[in-house]
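Listed here are the chains, written in short residue letters.
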Amino acid sequence: MHHNCSDSAFNAAVGLSTNKGPREAGREAAESTLQKLRCKPDFFLLYATAEYEGKEEFQEILDGVWEILPEGTPLVGGMINGFLTSQGCYARGVVGLAVSYPHMDITIGYGNNTKRSPKKAAKQCTSMVKKGLKHRYPYKVALSIISGAERPSRGDVEDNSVVSSKIIAKIMLPLFSVMRKVSQIGFGTEEEILNEFGKQLPEFSIMHATTMNLVSSGINYQFIGKKVLRETAIVLAIEIDIPFQMKSATGAEKMDVTFTITKCSKDRRVIKEINYKPALPELTRLMKWSKERMNEVKYADLFSRHPLAFQRGEKLIMRPILMILGNSVGCLGKIKENEVSIVKMSPEKMIEAVDDVLADNNPMLGLLTSCVSRQSFLGIKVYKVQEKLKHYFQENPFLLLYVGGEGMCTPQDEAQFLNETITSTIFEKSSKHL
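Residues numbered from 1 in each chain as written. Predicted model: local features only at pLDDT ≥ 70, side-chain atom pairs only at ≥ 80, totals over all residues. Heavy atoms only, no water.

Undergrad: Account for the packing of aromatic side chains, naming residues and giving values.
TA: With the rule as written, the count across this model stands at nine aromatic pairs. Both rings, one in Phe58 and one in Phe223, keep their centres 5.9 Å apart while their planes meet at 40°; by these two values the pair is tilted. Taken together, the positions of Phe58 in helix H2 (residues 54-66) and Phe223 in strand E11 (residues 222-224) put the pair 165 residues apart, joining distant regions of the chain. What makes Phe223 buried here is its relative accessible area of 0%. Chaining the aromatic ring pairs together yields one cluster made of Phe10, Tyr101, Phe244 and Phe427. Directly above the aromatic system of Tyr52 lies the positively charged group of Arg92, at a separation of 4.6 Å from the ring centroid. For the cation-ring pair, Lys226 lies above Trp66, with the distance from its terminal atom to the ring centre recorded as 5.3 Å. (Phe/Tyr/Trp six-rings, centres within 6.5 Å; stacked < 30°, edge-to-face > 60°. Helix = DSSP H or I, 4+ residues; strand = E, 2+ residues; numbered from the N terminus. Buried < 20%, exposed > 50% of the residue type's maximum accessible area, 1.4 Å probe, protein only. Lys NZ or Arg CZ within 6 Å of the ring centre and 35° of its normal.)

Here it is as structure tokens:
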């Protein structure tokens, strides 16, 4: 299957499987990727959707991949919520991306217990990366994969993102930090980890993807080598002689609704009061949402279409509401400023935002991440995103992953954990590749 590669050729390929059998899906995804690559891969990215249930099924996917993949190939990946390739748009399946290129060095690091000890996990990961760096090539890009939020299970309710009882909410709030330390359940710590990645790897541009499970138990998984892991932070660092561009866009439109956070949790993820009033009632008043509207529309849909947003330098950072806790609201990431506005997301603007993350020069390969709420909001219109990407990349491979959270940092800009965006890393043809 593996032909001899040219001494200077950049080869990349994306392959997939929608087989419901996990082992077969893994094998088929690896087979289709390597048949297109026609070379021995220098690294392999592997992602599988949350419909494959439990650690055992994800292990079977990996076992199937390793029936095909050459021994020793660096492999990282994890659980996602869907993906787009030149072949189509998929809500279920397994997808692989492989690259072969002689002028490139690959280093992998990982850290454990991301919710219990985020800073320690980040340092453990970057320490491994630093030891493996060779510093032979000028362009440095890293892919970050971090375990995201896992909601605590409440068997008595169907939707555990809504705690209507103010008494239960009051009890739960202080329990969050305990659950995070003991069971590693609750809000994710990607933000803290990504910030540490940026400090420890200052020469690298880093693109992040959060693994999150919105389908079944809430537990999410990460892959490294032949292992399926939980509560892990992974970095695949690439040193290469090919230029790349990293970009992010939202398509969000600012509304006239603004407010001030007057009371929040210590970690700035739970808003208790806005404008000196209980957060949820004041928010619904500002948005003019009636009780009937709130009852007939899913909370998650309503809040993902109208996320909270704050200004960080020139960038507008969005934070969708993840949980309702009595009269408080919990967000997917930290609200770092007290002055907050509400923005509107629309399918048309989301699709337009794709143009803002495409590179200026000829692309050779694109890896993109986008928020799972954009996937569900767009519905059948995700095909319009795929059409734009197909038109731009032409015959060159690309992979867009729908994930639980995005993020990026560059040597020029501080790390930002992002929600409801589309982000891209696009490798460009330089003069020697034309």
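Undergrad: Describe the pairing of strand E27 (residues 422-428), with residues and values.
TA: In summary, the side chains of a regular strand alternate between the two faces of the sheet. Counted residue by residue, E27 has seven buried out of seven residues, so it is predominantly covered. Here E27 shows two buried faces, one formed by Ile422, Ser424, Ile426 and Glu428 and the other by Thr423, Thr425 and Phe427. Where strand E14 (residues 244-249) and E27 come together, six bridges link them in antiparallel fashion. In the sheet register, Met246 faces E27, and the bridge partner there is Thr425. Relative to E27, strand E23 (residues 363-371) runs antiparallel, the two sharing seven bridges. Bridged to Leu367 within E27 is Thr425. (Pairing = 2+ DSSP bridges.)

Undergrad: Give me the pattern of salt bridges: which residues, what numbers.
TA: Summed over all chains, the structure comprises 21 salt bridges. Here Glu67 and Arg27 are joined by a salt bridge, their closest N and O atoms 2.8 Å apart. Taken together, the positions of Glu67 in the loop between H2 and strand E3 (75-80) and Arg27 in helix H1 (residues 22-37) put the pair 40 residues apart, joining distant regions of the chain. Taking relative accessible area as the criterion, Arg27 reaches 26% and is therefore assigned partly exposed. Between Arg269 and Glu192 there is a salt bridge; the shortest N-O distance is 3.0 Å. With Arg269 in the loop between strand E15 (253-264) and strand E16 (270-274) and Glu192 in helix H5 (residues 190-200), this pair connects stretches of sequence that are 77 residues apart. Arg269 gets classed as buried once you look at its relative accessible area, which sits at 1%. Assessed through its relative accessible area of 22%, Glu192 is described here as partly exposed. Bridged by salt links that share partners, the residues Arg23, Arg27, Asp63 and Glu67 form one connected network. (Salt bridge = Lys/Arg side-chain N within 4 Å of Asp/Glu carboxyl O.)

Undergrad: How would you summarise a negative patch on the surface if you had to cite specific residues and measurements?
TA: Taken together, the side chains of Glu24, Glu28, Glu31, Glu56 and Glu60 present a region of like negative charge at the surface. With respect to the helices and strands, Glu31 occurs in helix H1. By relative accessible area, Glu31 is classed as partly exposed at 30%. (Patch = residues over 30% accessible without salt bridge, like charges linked within 9 Å, V, L, I, M, F, W, Y side chains within 5 Å. Areas by Shrake-Rupley, 256 points an atom, 1.4 Å probe, with all protein chains shown as cover. Lys, Arg positive; Asp, Glu negative; His and termini not counted. Charge placed at Lys NZ, Arg CZ, Asp CG, Glu CD.)

Undergrad: Summarise the environment of Ile351; cite the residues concerned and give the values.
TA: The residue Ile351 is located in helix H9 (residues 347-356) in this model. The exposure class of Ile351 is buried, given its relative accessible area of 11%. Taking the C-alpha atoms as reference points, Ile351 and Lys384, separated by 33 residues in sequence, lie 6.9 Å from one another. When sequence neighbours within four positions are dropped, the list of residues in contact with Ile351 reads Leu378, Lys381, Lys384, Val385 and Lys388. (Contact = heavy atoms within 4.5 Å.)

Undergrad: How would you explain H2 if you had to name every residue and give the values?
TA: With 13 residues, H2 extends 19 Å from end C-alpha to end C-alpha; this agrees with the ideal 18 Å at 1.5 Å per step. Buried within H2 we find Phe58, Ile61, Leu62, Gly64, Val65 and Trp66. Against the buried residues of H2 lie H1, strand E2 (43-49), E3, strand E6 (94-100), E11 and strand E12 (227-229). (Expected span 1.5 Å × (residues − 1).)

Undergrad: Residue-level account of a positive patch on the surface, with values.
TA: On the surface, Lys119, Lys123, Lys130 and Lys199 cluster together into a patch of positive charge. Looking at which element gives the most residues to the positive patch, the answer is helix H3 (residues 118-132), with three residues. Tracing the sequence through the fold places Lys119 in helix H3.

Geometric descriptors of this kind do not, in isolation, establish any biological role.
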